[in-house]
Amino acid sequence: MKKPSNLSKARAMLPFFLILLFVVSSTNAQVILEKALSDRTTSYKMDVELDTDAKTVSGDLILTWTNPSLDTVSDLQFHMYLNAFKNSKSTMFNEGSVFHRDEDDFGFVDVNSIHTLDGKDLSAGVSFIMPDQKNHFQELRLSEEVPTMPDGSIQDETVMRVVLDEGVLPGESIQVKISFTSKLPDLKKRTGFSQNYFFVAQWFPKLAVYEYPGMKSGAESGWNCHQFHRSSEFYANHSLYEIDLTLPDDYILGSGGMVMAEENLGNGKKKVSLRAEDIVDFAWTASKDYVVVEDQWKHVKIRALFQAEHLYQAERHINALKEALAYLDEHVGRYPWPHATLIDPPTSGQAAGGMEYTTLFTAGTAYGLPKGLRMPELVTIHEFGHAYFMGILATNEFDEPWMDEGMNTYWETRIMDHVYGDKHGVIDLPFIHIGDKEFARFTYVGMNNPKIADAYRPSWEFPHGSYGSVIYQKTATWLNTLERMISTETMDEVFKTYFKRWAFKHPGTQDFIDVVNEVVTEHHGDRFGENLDWYFDTFLKDDKTVDYKVISVSSRRVYQDAGIFGKADSKLFIEQESEEDLYRSTVALERLGEAIVPVDILIHFEDGTEIIEYWNGKDRAKDLIYERSSRVEWACIDPEMKILMDTNLLNNSVTTKANKKPALKYGSKFMFLIQNLMQLISIFS
Amino acid sequence: MKALKSYIYSFSLSWNSKKISSIIYLAYFCIALLLTIPFYKLFVSISEHSLLPANLLQDFDATAFGDLIRDSGKAFQVYFKGFLPWVIVFWLMGTLFYGGIIAWISNPNGTLRFRLFLDKCTQYFWRFVRLAFYMLVIQAIVALLIYVLPVIMIGKEGVTDQYIVRTISIGILIHLVFLITIRLIADFARFGLYQKNHHKVLKEIWISAKYVFRHLGSLWMIYMMWVIMPMVLVVIFYILRTTMTIDTTVLIVGLFVLQQIFIWLKISLRIQKQGMYYKYYILCQVED
Ligand SMILES: [Zn+2]
């Protein structure tokens, strides 16, 4: 009896189920992730077309922005990155030479119209501002006109301000429709075209990040919108992108989104509907010459677009990507997207190489590169790593570049040396090999002036081209040093906590330091002091260098008391006599660098005994004195080589037993080299 | 047939030329040693009391090597900056020995007198320097012609790195062929200058060029036969070096001896080649 009753109930419910199924399946078809990972403060809906002859991308953009702050926001600020390529007055060109010549080489982004979705024209409120000029060339002007500059000064148009008639209230949303034309520049720096190759990045009017107290450490109310500098990258909200892109149907498309639909328009064109969720930047590329390779790592579908001549290196790239996915998944957190796209740009488009757009990144290789030179692997691992360090953990690349490039280089060194072998990570040739951690340290300590700048400053304020070495290699080296000090397990715990707490948000420097302090205290108590602020003050916020030195190791016999003792008639003379087999050994240590880091010292005695001493390093010098039956043979500061920041490891030890073997070996190598050179030159005799 | 005869003959010549090989080897050895001693002393002074350089014994160690060089970077820099004059010295030395070598290979059954060797070296020195200079100019022009095209192409849009690598590889191959041919011309020009004992270097280059192109097939054949030995030598040395760990004094000395044998053999092979060409030169003259 029950059965018919249930059946009839189910029949009655059927239309409802069908509707539900349709709703669920149709939304599933449109949604990549199970749930939104970020607040999606911004979303972009675009309908654009690539004109391969005019080298333009033009169309409409509907921006939705929800005010996340408690402020009423009376303007909007946009990055107009392509205007950096407009003329020699842009900030970017002023910070270096202009690399374009022909009219077609320059690029720009024009706003044709701008209004709210309900039709209110906003064009009267549009101006270009230069927020970074206040301390440099001129006062910040918020005029509604493009400021007129005297000759020779900057007239940058990469930040557009739109004053609104009515402010956006806290929690309220605004929708703005912008019709724009982006003329792509000749591909000389990250974005543009090279003949029929297109790499399209920083290509549309992109809303800046509105910061407010409590959002991240150090945040104040207001737009954080910087000009496009020569050595700066980006900062953006995690956003939803829904893009309808029309392009010639013989072009192969790669993008940071997923293809939702593709329609052949019949006139030699196709329209591709793309969708990306919770990414900070949307880039895409189109070329007729790509060869597509697909692969899978767990939940991630890998799509790689190669140049035909690099196809034989596909495995090297894809394996590196899988290794990075696995390593970061295990040690930091889960890569949430089900897609990752690797782009191998052509030779003429190498300026697009080695760049990251979260779910899409560009690699970099060369034909004929031996397997022992791991450039393709390194670039792949590094650029993919940015999916975490500034993709998921969306730090401000303008203001705090150490948090993306530095942290990411640290993980790059870990992955490279883990996968390809410690001390063999980057170069692995028969007579020479270098690990990635070694390479990072080598670059930092090998700088002409390692004290040239602290790493805690905006990316365009590094003097004399020191940005790369300080931000990438120095940061990676002090993070590797920190890892060796607090242990790899604790370091992993730091990053896992950082990831859990700050994924899909915008952490600042202090937010990371807070996590370090919390986790390190939990694991090690006060072993490293009350907290690790001192460590960041020394290596991040200051330019101090570390250099410890063993000045000398010396030993002498210990003698019994000798001389004249007593008074007047009762004077007693005792002759000097040595104690049986007792030596006084002195190990003299000095701190040559300004940075103070606690170190271990390993003391080795002639009888084989070893002891470990601890030195807080606070004084400039320290003597270790031993009275033992055996003399000190050698002393070594930081025997486990934890302090990679030490700029000279050669002076970290002194041994009393001279070892000439290395000199002998390299002397004979040198002589052999000379002899071969003599033979080689005689070819031209 | 002449080619084969010359090739076979060159082995016995090479064996009989042990003394002359040793004299030349010693001359090179002394100069190399002269340059190595200060290098060694510098290396000892910066490395002997630190534990870090020991890492360089088992295997190469980029950190140890880097810190060592940086610690005494200035001293090493001075060393390498003054190297160009030495390159010229080596070039002149190579030229100097040709007079003695040709005197010996043209009369290998005589007894090698050191005095005569030196006399012949100096007697032909300036002629051979001029010859070497002209050949250097020709080499430079040839290299320029071979590489100028790929270099221009590198900047062009649409040129792939595969194209660049392949073009340069083919360029190197072509250059190698020219290099060997030009060296053949130089070798036979020297024989002509020696035999005729005159100073008309340019004229002799022209005669030699005609000669080499007339006999190109045979000369290339004997060159290719000869080159097998040096290549085998290099491969053996490479295998030995990549499989051995040099970390004890005995092994370091062993390696040194091995290196010196390698250099000696290289010099010996050079004399063998000269002897082989000279034999061919004589056989052709007998036939004419
Ligand atoms: Zn990077």
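Residues numbered from 1 in each chain as written. Chains lettered and ligands numbered in written order. Predicted model: local features only at pLDDT ≥ 70, side-chain atom pairs only at ≥ 80, totals over all residues. Heavy atoms only, no water.

Which residues make up the coordination of the zinc ion, and what are the values?
Residue and element names in this part refer to chain A. Bound to the zinc ion on the protein side are H382 (NE2), H386 (NE2), E405 (OE) and E405 (OE), at distances that span 1.9 to 2.7 Å. Owing to a relative accessible area of 5%, H382 belongs among the buried residues under this scheme. Residue E405 is classed as buried on the basis of its relative accessible area, which comes to 1%. (Donors = N, O, S within 2.8 Å, 3.2 Å for Na, K, Ca; no water. Buried < 20%, exposed > 50% of the residue type's maximum accessible area, 1.4 Å probe, protein only.)

So, the interface of chain B and chain A: which residues are in play, and what are the values?
Interfaces are frequently sized by the accessible area removed from exposure as the parts join. Taken together, the contacts link 76 residues of chain B with 60 residues of chain A. The contact between chain B and chain A buries some 6,300 Å² in all, and 65% of this surface belongs to carbon and sulfur atoms. Of all residues in chain B, L51, F60 and D161 of chain B bury the most surface against chain A, accounting for 10% of the area lost on that side. Joining chain B to chain A, the criterion identifies 3 salt bridges. For the salt bridge of R441 of chain A with D67 of chain B, the shortest nitrogen-to-oxygen distance reads 2.7 Å. The tally of links from chain B across to chain A stands at 28 residue pairs in polar contact (both at pLDDT 80 or more). (Contact = heavy atoms within 4.5 Å. Buried area = accessible area lost by both parts, 1.4 Å probe. Salt bridge = Lys/Arg side-chain N within 4 Å of Asp/Glu carboxyl O. Polar contact = N/O pair within 3.5 Å; in protein donor to acceptor, adjacent residues only side chain to side chain.)

How would you sum up the sheet that holds strand β25 (residues 548-559) of chain A? Please name residues and give values.
All names here are of chain A. Reading across from one edge, β25-β28-β31 is the order of the 3 strands in this open sheet, with antiparallel pairing throughout. Whereas interior strands pair on both sides, the edge strands pair on one side only; in this sheet they are β25 and β31 (621-628). The sheet shows a mean angle of 15 degrees between the axes of neighbouring strands, taken without regard to direction. In the sheet, strand β28 (residues 578-591) pairs with β31 via 8 bridges, with the strands oriented antiparallel. Across the sheet, the residue bridging to R584 is E627, located in β31. (Pairing = 2+ DSSP bridges. Helix = DSSP H or I, 4+ residues; strand = E, 2+ residues; numbered from the N terminus. Axes fitted to C-alpha atoms, helices over the stretch in contact; angles between N-to-C directions.)

Tell me about the sheet that holds strand β32 (residues 632-637) of chain A, and please be specific about residues and values.
All names here are of chain A. Strand order in this open sheet of 4 strands is β30-β29-β32-β33, and the pairing throughout is antiparallel. Two strands in the sheet have a free side with no partner beyond their single neighbour: β30 (610-615) and β33 (653-655). The sheet shows a mean angle of 20 degrees between the axes of neighbouring strands, taken without regard to direction. Looking at chain direction, strand β29 (residues 599-605) and β30 are connected through 6 bridges and run antiparallel. Bridging across to β30, L602 finds its partner in I612.

Describe the nonpolar core, naming the residues involved and giving the relevant values.
Membership of the largest hydrophobic core comes to 172 residues, with the highest contact counts inside it found for W203, F495 and F512 of chain A. The leading source of residues in this core is helix α8 (residues 467-486) of chain A, at 9 residues. Aside from chain neighbours lying at most four places away, what touches W203 of chain A is M46, V48, V57, L82, F180, S182, I243, F282, A283 and W284 of chain A. Judged by nonpolar contacts, the second largest core, of 90 residues, contains I20, L184, A209 and Y280 of chain B. (Core = buried A, V, L, I, M, F, W, Y, C linked by side-chain atoms within 4.5 Å.)

Can you tell me about the packing of aromatic side chains, naming the residues and giving the values?
Aromatic ring pairs: the centre-centre distance and the angle between the two ring planes describe each pair. Residue and element names in this part refer to chain A. Scanning the entire structure with this criterion turns up 74 aromatic pairs over all chains. Aromatic side chains Y335 and F384 sit 5.2 Å apart centroid to centroid with 50 degrees between the ring planes, which places their arrangement in the tilted category. Highlighted residues: Y335 in the loop between α3 (314-331) and β20 (339-343) and F384 in helix α4 (residues 375-385), separated in sequence by 49 residues. This pair shows no difference in class: Y335 is buried, exactly as F384 is. If you follow R631 out to its NZ or CZ, it ends over the ring of Y583, 5.0 Å from the centre. Cation over ring: K669 sits above Y666, and NZ or CZ is 5.5 Å from the ring centre. (Phe/Tyr/Trp six-rings, centres within 6.5 Å; stacked < 30°, edge-to-face > 60°. Lys NZ or Arg CZ within 6 Å of the ring centre and 35° of its normal.)

These figures capture arrangement, not role.
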